[in-house]
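# Secondary and tertiary structure notes
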Amino acid sequence: MASPTPPVPGDTAARRRRRVLAAAASAGLLLSVALAATPAAAATAPAYVVVGPTQKVMASQGSVSGSSGAQLMGARNEFVSFQIVLPGGSGGQSGVSVTTGNALTGPGGTIPNSAVTIYREAYYTTSQPSAGGRAVGAWPDILIPTVDALYHEQRNAFPVNVPAGNSRVAWIDILIPANQAAGGYDGTITVTNSGGGQASVPVHLDVRDFTLPSTSSLKTLFQLDWRTACDALYGSSCNPWNSYADEQRAWQANYDVARLALDDRFTIANMQFQPPVNSTEVGFFNQYMLPLINGTAPTRLSGARLTTVSVDTGYLSQWKSLAQSDGFSGVALTYDHGCDEMGNDSSKWSACRSRVSGYKSTWPGLPNVITGNIGEVDTYDPSYSITDDLVPVVDQMDGLSGTAFAGDQHHKYDSFLTNSGKQVWLYTSCDVSGCGGAGETDAYYQHPWMDYTVDTAAGQNRAMGWLDYTYNATGELYWDTTYTMTTAWTNQFAFGGHGDGNLLYPGTTDRIGGSTPIPLESLRMKLMRDGYQDYEYLRLAGQHGHATDAYNLAKQVYPSTHDAGATDAAIDPARKQLADWITGTTTPPPATSQLRYTANALTGPVTVDGQLGEYADLPAIVLNGANNNTTQVRLAWDNTNLYAAYTVTDNTINVNETGRDGELWDGDSVELMIDRYDTNPTAPTNTVYHLLVNTDGALTDETGTGSGWDRTWTANAQTAVTRTTTGYTVEIALPWNSMGPTPTTGDQIGLDVANNDSDTSGQAIPYDWSHLTRFAQPNLWGTMTVGP
């Protein structure tokens, strides 16, 4: 791939990347902290915090913001999820278990506890990052079920001990029954400890009046290695030439992986251990693969089917015969690795054309998958004779500024799609994190790309369903799901990233208990599943007359392939809006902020010195951030200035970058964002202003351009910073005449305020009033009224 150019001054790419990584490292901008329920008798109740699904809580995080209960919304036949964080505090917690409690009860009766699956999140430890700037340490990714969904055996997920200063986490999945009545349901999850303490975690679930299909509307072609799953689970006793039992074990291992994948709404397209070339192999095919094709396999999503079957190109006549007799010709296709990422190599295209022409001669109408971009196909296959499913990598569908694929490219595929039977899919690759020496520059690391590596933010793992919708793609290709499965617990670093080509872990009985080894799902698989479910919401909203609305909403949540770090704060209200459109419910759109603040007028003189006595009696905006940080912001005005006073509680101060108009958000700092006339643009315009002040007293000021920021604008602001025993204060006086005329009482101004906290050198954790991943979205800010 072409190397991108470094970001230009004023570009917010680095800032977005750090914000997304911060969301994975800190978690919890959205909710207020509540740790424990009423203790039973003299026992101390276990401490817990509830957080949403789209964040990752690392093992070393000792403090996580969250809530005392779960507030969920979902459709029928949808998995809804949340996480229960178990903080170690100063003394640790011993023998903590998480189990089902009172079943969810509502207008449709009871959603049984059998619909609830509880996992303990185990950790994969990195010693080097997949990309610059990512945290190194124990990342949550391995999901150990209390009772597994394949063999229904009890596993040793709990109890767990939580060391002081650390956290451990339970992932909770609830599958809403396909026939459940709409309405509100309430129940509990129980948390206990070895001292006899117990806490009941309240769970409220709103079931919406529509149903998701068991088989994903997105086609997916995920692959696995021939025998890696079996080797990972059973050692090396998976050689089909050793015995019938060994081959059966290998088929079973692949079958188990494929069943889990279907419940996570994607397809393992080549799960066959051997091609069906004789009666023995056809017998195995009928036992293990055919049920996945026709929807009779014992999956949790009843009737779920493979969306693609990747047939072995050396045995096309046998596959064709089976497809015709068993009725799966409509999902069969070829994916020839010799036709993979051919670029502008004409000899590779010629060889590919020769092979694919042979396939199509044997099996007329059999679709073929080509990885590449529309420019390559138009050059080397202009008649589209060998290209049926065209799959560009995400950085060629929407690349960075300064690259050959800068900006949204999806309309370039419109002409291709007018041809009968043609589809465009997407795939992600090591391009987005750096392919271990492939030459990508640091500009790639500064963006929250759509990414399946372990050590990246949860929102990036969830992104593909949203991006497929906005780029008019109807499927996804992923090259491997078991590439490093045999060593997955300790080492899955490949191609410059952790987990590139591996999504599963070997659940051997010595590790997780039970009598049958099983493949273990990753946290990434659940996040991918959630993204595919989001795609169904977008698709259904479009079918109910809101296609343009759904597209615009998706672009707000996931603006591009390289700005794909959404959090629950953005995703949850968007999903609710989509559900309202699907069901015909009328509610205000999520872009209409309900955040309000009234700035009072000051009558006396103001000295900008960092001493905030002038503002002591004013109401405060309170930001609860990472690492027990708290920021109180008070605003006021007079005929000359708008004033902002910040009181920050922070035990550790870091300044990573400084200087006039520098990247001040990289360290401890505060931000003030003004939409002067409350016009609510989706991107900063020339009446939107942004100021940052760090603990050095350095100032960055900029105004919008319609797509980014212009730092040649000067605010002429006065600022002062004072260090205190508990943190620091910042005082800003922003002249009205730098932004236009002085307002009058009753005028409304768009407003957001933020703090960036750096407790680790080189890493900053942001949090703002509007709970945004990307702050530069004035349409999602709050409103300040100019008061008396």
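In this convention, every chain numbers its residues from 1, walking through the sequence in written order. Per-residue local features of the predicted model are confined to residues with pLDDT of at least 70, and side-chain atom pairs are confined, for both listing and counting, to 80 or more; whole-chain, interface and lining totals are unaffected and use all residues. For the side-chain quantities, the full set of heavy atoms in the structure was used; hydrogens and water were omitted.

### Let's talk about the overall build of the protein chain
- To qualify as a helix, a DSSP run of H or I must reach at least 4 residues; to qualify as a strand, a run of E must reach at least 2; elements of each kind are numbered from the N terminus. Broken down by element type, the protein chain carries 15 helices and 38 strands.
- What the globule rule says is 2.2 Å times the number of residues to the power 0.38, and the radius of gyration is computed from C-alpha atoms. On C-alpha atoms alone, the protein chain measures out to a radius of gyration of 27 Å, which is about the 28 Å that the 2.2 N^0.38 rule sets for 788 residues.
- The principal-axis extent of the C-alpha atoms belonging to the protein chain is close to 95 × 70 × 50 Å.
- Burial status follows relative accessibility: with a 1.4 Å probe on protein chains alone, a residue under 20% of its type maximum counts as buried, one over 50% as exposed, and anything between as partly exposed. Counting across all 788 residues of the protein chain, residues that qualify as buried make up 61%.
- Should any heavy atoms of two residues lie within 4.5 Å, those residues are considered in contact. If you take every contact in the protein chain between residues at least 6 apart in sequence, the share linking residues at least 24 apart comes to 70%.
- For the protein chain, the exposed area adds up to about 26600 Å²; of that, 49% sits on carbon and sulfur atoms.
- By the counting rule applied here, Lys and Arg register as positive and Asp and Glu as negative, while His and the ends of each chain are not counted. By convention, the point assigned to a charge is CZ for Arg, NZ for Lys, CD for Glu and CG for Asp. Looking at the protein chain, you have 42 positive and 75 negative side-chain charges, and the mean spots of the two groups are 5 Å apart. Per-residue and other accessible areas were derived by the Shrake-Rupley procedure at a 1.4 Å probe size, with only the shown protein chains allowed to occlude residues.

### Topic: the state of the cysteines
- Cysteine sulfur atoms are paired as a disulfide whenever they fall within 2.5 Å. All told, the structure shown has two disulfides when counted by the stated rule.
- Residue Cys 230 pairs covalently with Cys 238 via a disulfide, S to S 1.9 Å. Here the S-S torsion is close to -80 degrees, and the disulfide linking Cys 230 with Cys 238 is therefore left-handed.
- Two residues, Cys 339 and Cys 352, share a disulfide whose sulfurs are 2.0 Å apart. Given an S-S torsion of about 110 degrees, the disulfide between Cys 339 and Cys 352 has right-handed geometry. Highlighted residues: Cys 339 in the loop between β15 (332-333) and α6 (346-362) and Cys 352 in helix α6, separated in sequence by 13 residues.
- Residue class for Cys 352 comes out buried when judged on its relative accessible area of 0%.

### Here's the deal with the packing of aromatic side chains
- Centres within 6.5 Å make a pair out of two Phe, Tyr or Trp rings, where for Trp the six-membered ring is used; the pair is then stacked when the planes are under 30 degrees apart, edge-to-face when over 60, and tilted otherwise. Going through the model one piece at a time under the given rule, you end up with 24 aromatic pairs.
- Note on Trp 251 and Tyr 288: the rings are 6.1 Å apart at their centroids and 20 degrees apart in plane angle, and the pair reads as stacked. Placement of the pair is Trp 251 in helix α3 (residues 244-263) and Tyr 288 in helix α4 (residues 279-294), with a sequence separation of 37 residues. No difference in accessibility class separates Trp 251 from Tyr 288, as the two residues are buried.
- Seen in terms of ring centroids, Trp 349 and Tyr 380 are 5.6 Å apart; in terms of plane orientation they differ by 15 degrees. Their pairing is stacked. Of this pair, Trp 349 sits in helix α6 while Tyr 380 sits in helix α7 (residues 374-380), placing them 31 residues apart in sequence. Across the pair, exposure class does not vary: Trp 349 and Tyr 380 are buried alike.
- Among the aromatic residues, those joined into a ring-pair cluster are Tyr 244, Trp 251, Tyr 255, Phe 284 and Tyr 288.
- Two thresholds decide whether a charge sits over a ring: the Lys NZ or Arg CZ must be within 6 Å of the ring centre and within 35 degrees of the ring normal. Just above the ring of Tyr 234 sits the side chain of Arg 249; from NZ or CZ to the centre is 5.1 Å.

### Description of the pattern of salt bridges
- Take a side-chain nitrogen of Lys or Arg and a carboxyl oxygen of Asp or Glu: if they are within 4 Å of each other, that pair is a salt bridge. Under the defined criterion, the tally for this structure stands at 27 salt bridges.
- The shortest N-O distance in the salt bridge between Arg 76 and Asp 209 comes to 3.0 Å. You can see Arg 76 sitting in strand β2 (residues 70-76) and its partner Asp 209 sitting in strand β12 (residues 198-211), a full 133 residues away along the chain.
- Residue classification places Arg 76 among the buried positions, given a relative accessible area of 14%.

### Some points on the side chain of Thr 403
- By secondary structure assignment, the location of Thr 403 is in the loop between β18 (398-399) and β19 (407-408).
- Under this definition, polar contacts are N or O atom pairs within 3.5 Å; protein pairs additionally need one hydrogen-donor-capable and one acceptor-capable atom, and for neighbouring residues in sequence, both atoms have to be side-chain atoms. Among the polar contacts listed, one links the side chain of Thr 403 to the backbone oxygen of Leu 400, at a separation of 2.7 Å.

### Describing the pairing of strand β3 (residues 79-87)
- Most of β3 sits out of view: nine of its nine residues are buried.
- Of the two faces of β3, the one lined by Phe 79, Ser 81, Gln 83, Val 85 and Pro 87 and the one lined by Val 80, Phe 82, Ile 84 and Leu 86 are each fully buried.
- Two strands pair when backbone bridges link them, and strand β1 (residues 49-51) and β3 are joined in this way by three bridges, in the antiparallel orientation. Each bridged residue has a counterpart across the sheet, and for Val 49 the counterpart in β3 is Val 85. Strands were regarded as paired on the criterion that DSSP finds at least two bridges between them.

### Re the pairing of strand β8 (residues 138-145)
- For β8, the buried fraction is high: seven of the eight residues fall into the buried class.
- With seven bridges joining them, strand β7 (residues 116-125) and β8 adopt antiparallel strand pairing. What sits directly across from Tyr 124, in β8, is Trp 139.

### Digging into the sheet that holds strand β10 (residues 167-175)
- The five strands are arranged β1-β3-β10-β7-β8 in an open sheet whose pairing can be described as antiparallel. At either margin of the open sheet sits one strand with a lone partner, and together these are β1 and β8. Pairwise comparison of adjacent strand axes, ignoring direction, gives a mean angle of 30 degrees for this sheet. Think of each axis as a best-fit line through the C-alpha atoms, taken over the contacting stretch in the case of a helix, with angles from 0 to 180 degrees between the N-to-C directions.

### Considerations on the confidence of the model for the protein chain
- The predictor attaches a confidence to each residue, and that confidence, scored 0 to 100, is pLDDT. On average, residues of the protein chain score 90 in pLDDT, and 91% of them reach the 70 mark or higher.
- This stretch, residues 1-41, has a pLDDT under 50; its non-local contacts, to residues over four places away or in other chains, come to 117 contacts.
- Scored below 50 in pLDDT, residues 437-442 shows eight contacts in the model against residues more than four places distant or in partner chains.

### With respect to helix α15 (residues 568-583)
- Across its 16 residues, α15 extends 22 Å between first and last C-alpha, which sits within 8% of the 22 Å expected from 1.5 Å per residue.
- Here α15 has its buried residues at Asp 568, Ala 569, Ile 571, Ala 574, Arg 575, Gln 577, Leu 578, Ala 579, Asp 580, Trp 581 and Ile 582.
- Each element contacted by the buried residues of α15 is listed here: β2, β12, α12 (464-470) and α14 (523-557).
- Where α15 terminates, the next one or two residues include Gly 584, which has phi positive at roughly 80 degrees. A helix is expected to reach a length of 1.5 Å times the quantity of its residues less one.

### Remarks on the packing of α3 against α4
- It is the contact of α3 with α4, at a shortest axis distance of 9 Å, that shows an interaxial angle of 15 degrees. Looking at the two axes, α3 sits roughly parallel to α4. Like other packed secondary-structure pairs, α3 and α4 cross with a definite hand, here right-handed. Contacts between α3 and α4 involve Tyr 244, Glu 247, Gln 248, Trp 251, Gln 252, Tyr 255, Ala 258, Arg 259 and Leu 262 from the former and Thr 280, Glu 281, Phe 284, Phe 285, Gln 287, Tyr 288, Met 289 and Leu 292 from the latter.
- Three categories are distinguished: nonpolar for Ala, Val, Leu, Ile, Met, Phe, Trp, Tyr, Cys and Pro, charged for Asp, Glu, Lys and Arg, and polar for the others, with Gly belonging to the last. Each residue belonging to the contact of α3 with α4 can be placed in one class, and the counts come to ten nonpolar, four polar and three charged. Geometric relationships in this document are graded by angle, where less than 35 degrees denotes roughly parallel, more than 145 denotes roughly antiparallel, 65 to 115 denotes roughly perpendicular, and other angles denote oblique. Note on convention: near helix rotated counterclockwise from far helix by under a right angle means a left-handed crossing. Clockwise means right-handed.

### Side note on the environment of Thr 744
- With respect to the helices and strands, the residue Thr 744 is situated in the loop between β35 (727-735) and β36 (748-760).
- Among the residues examined, Thr 744 registers a relative accessible area of 48% and is labelled partly exposed.
- A sequence separation of 320 residues divides Thr 744 from Val 424, and the C-alpha atoms of the two residues are 54 Å apart.

### Regarding α14
- Over its 35 residues, α14 extends only 21 Å from the first C-alpha to the last, a length that falls short of the 51 Å expected when each residue adds 1.5 Å.
- In this analysis the local bend is the angle between axes fitted, respectively, to the seven residues ending at and the seven residues starting at the residue. At Gly 545, α14 shows its largest kink, close to 135 degrees.

### What about the sheet that holds strand β17 (residues 389-391)?
- In space, the three strands of this open sheet follow the order β16-β17-β20, with parallel pairing throughout. Looking at the sheet topology across the chains shown, the edges are occupied by β16 (369-371) and β20 (423-424).
- Examined bridge by bridge, β16 and β17 share three bridges and lie parallel to one another. Each residue of the ladder has a partner; that of Val 369, found in β17, is Asp 389.

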